[in-house]
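# Observations on chain architecture
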Amino acid sequence: MISHDVLTTYLIVVLGLMIIPGPATLLTLARSVSGGRRAGMATGLGIAAGDFVHATMATFGLSALLATSALAFQAVKYAGVAYLVYLGIKAFLEKSGSLDLPAAQMVSPMQAFRQGLFTEILNPKTALFFLAFLPQFIHPESGSVIAQFSLLGIIFVGLSICVTSVLAIAAGSVRGWLGRNRSIGRWQGKVIGSIYMALGVRLAFQQQ
């Protein structure tokens, strides 16, 4: 199965990306503030469910690709490295202003769940992210590829649920902190960009 070093790197990177305020984080906070903790947690669960769908599709699609051609799978991994570096450079150079919570009307927890689910499922950037991100931590020589993909996907979804639940519970405090530190948006892109670029470069050299 996946080595401890690879798994540790994966956990650190995923947590780093989730903690930095992004669309999922801001939507969860906005729902929590407007509709309460239940609505916020339902939104987070919907987002996690959408991530599960993308992770499942990536798992079976990329596993089938590896079964067909190891060379094609390597090509996908290198394309993923290039995509991550591209995302990193784009985020790093992008001019960002103050960070504001999106406007959100009060909705029921079920409505919040559905919105989070469909927003995540229908986001093509999320699909591309999983296709580029997950293969970087897969090593066919370590055992079942499907098992490795499944484990990484489950970990991602589990961490997503934990992070968004904590955000929903602490929405008032987090919102207050963001309000006092509105300039966080100015360095948000640079932090996320640095994570993407560092990951892409590290994996590129690791595969040499």
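What counts and how
- Residues numbered from 1 in each chain as written.
- Predicted model: local features only at pLDDT ≥ 70, side-chain atom pairs only at ≥ 80, totals over all residues.
- Heavy atoms only, no water.
- Helix = DSSP H or I, 4+ residues; strand = E, 2+ residues; numbered from the N terminus.
- Buried < 20%, exposed > 50% of the residue type's maximum accessible area, 1.4 Å probe, protein only.
- Areas by Shrake-Rupley, 256 points an atom, 1.4 Å probe, with all protein chains shown as cover.
- Axes fitted to C-alpha atoms, helices over the stretch in contact; angles between N-to-C directions.
- Parallel < 35°, antiparallel > 145°, perpendicular 65-115°, else oblique.
- Left-handed = near helix turned anticlockwise from the far one by under 90°.
- Nonpolar A, V, L, I, M, F, W, Y, C, P; charged D, E, K, R; others polar.
- Core = buried A, V, L, I, M, F, W, Y, C linked by side-chain atoms within 4.5 Å.
- Expected span 1.5 Å × (residues − 1).
- Contact = heavy atoms within 4.5 Å.
- Patch = residues over 30% accessible without salt bridge, like charges linked within 9 Å, V, L, I, M, F, W, Y side chains within 5 Å.
- Salt bridge = Lys/Arg side-chain N within 4 Å of Asp/Glu carboxyl O.
- Phe/Tyr/Trp six-rings, centres within 6.5 Å; stacked < 30°, edge-to-face > 60°.

Turning to the overall build of the chain, a few remarks are in order. Each helix and strand in the chain was counted, giving nine helices and zero strands. Each helix (α) and strand (β) of the chain, taken in turn from the N terminus, gives the series α-α-α-α-α-α-α-α-α. Within the chain, the fraction of its 208 residues that count as buried is 42%. Element-wise, carbon and sulfur atoms account for 69% of the exposed surface of the chain, whose accessible area totals about 10600 Å².

Attention now moves to the packing of helix α3 (residues 37–68) against helix α7 (residues 145–169). Put simply, α3 and α7 touch, their axes get as near as 9 Å, and they point 165° apart. Classified by the angle their axes make, α3 and α7 are roughly antiparallel. In this structure, the crossing between α3 and α7 has a hand that is right-handed. Per-class residue counts for the contact of α3 with α7 are 16 nonpolar, nine polar and two charged.

To continue, consider the nonpolar core. With 32 residues, the main nonpolar core has Tyr10, Phe133 and Leu134 as its most contacted residues. A total of eight residues in this core trace back to one element, the largest contributor, which is α7.

Looking now at helix α5 (residues 109–121). Across its 13 residues, α5 extends 18 Å between first and last C-alpha, which sits within 8% of the 18 Å expected from 1.5 Å per residue. Buried residues belonging to α5 abut α2 (23–35), α3 and α6 (124–133).

On the surface, a cluster of nonpolar side chains totalling about 280 Å² of accessible area is made up of Ile89, Phe92 and Leu93. Structurally, isoleucine 89 can be placed in helix α4 (residues 70–93).

So, about α2. Because an α-helix completes one turn every 3.6 residues, residues spaced three or four positions apart along the sequence face the same direction. With 13 residues, α2 extends 18 Å from end C-alpha to end C-alpha; this agrees with the ideal 18 Å at 1.5 Å per step. For α2, every residue scored as buried is listed here: Thr25, Leu26, Leu27, Thr28, Leu29, Ala30, Arg31, Ser32 and Ser34.

Glancing now at the environment of glycine 143. Positionally, glycine 143 belongs in the loop between α6 and α7. For glycine 143, a relative accessible area of 35% gives the class partly exposed.

This next bit is on the packing of α4 against α6. Orientation of α4 relative to α6, taken along the N-to-C sense of each, is 125°, at an axis distance of 8 Å. The angle between α4 and α6 falls in the class oblique. Residues Val76, Gly80, Tyr83 and Leu84 of α4 touch α6, and the partners they reach there are Lys125, Leu128, Phe129, Leu131 and Ala132. When grouped by side-chain class, the residues that make up the contact of α4 with α6 number seven nonpolar, one polar and one charged.

According to the stated counting rule, one finds nine aromatic pairs in the structure shown. Between tyrosine 10 and phenylalanine 137, the ring centres sit 5.0 Å apart and the planes meet at 75°, which makes this aromatic pair edge-to-face. Of this pair, tyrosine 10 sits in helix α1 (residues 4–19) while phenylalanine 137 sits in the loop between α6 and α7, placing them 127 residues apart in sequence. When sorted by exposure, tyrosine 10 lands in the same class as phenylalanine 137, which is buried. Between the aromatic rings of phenylalanine 133 and phenylalanine 137, the centroid separation amounts to 5.3 Å while the plane-to-plane angle is 65°, which identifies the pairing as edge-to-face. Clustering of aromatic rings is evident, with ring pairs tying together Tyr10, Phe129, Phe130, Phe133, Phe137 and Phe156.

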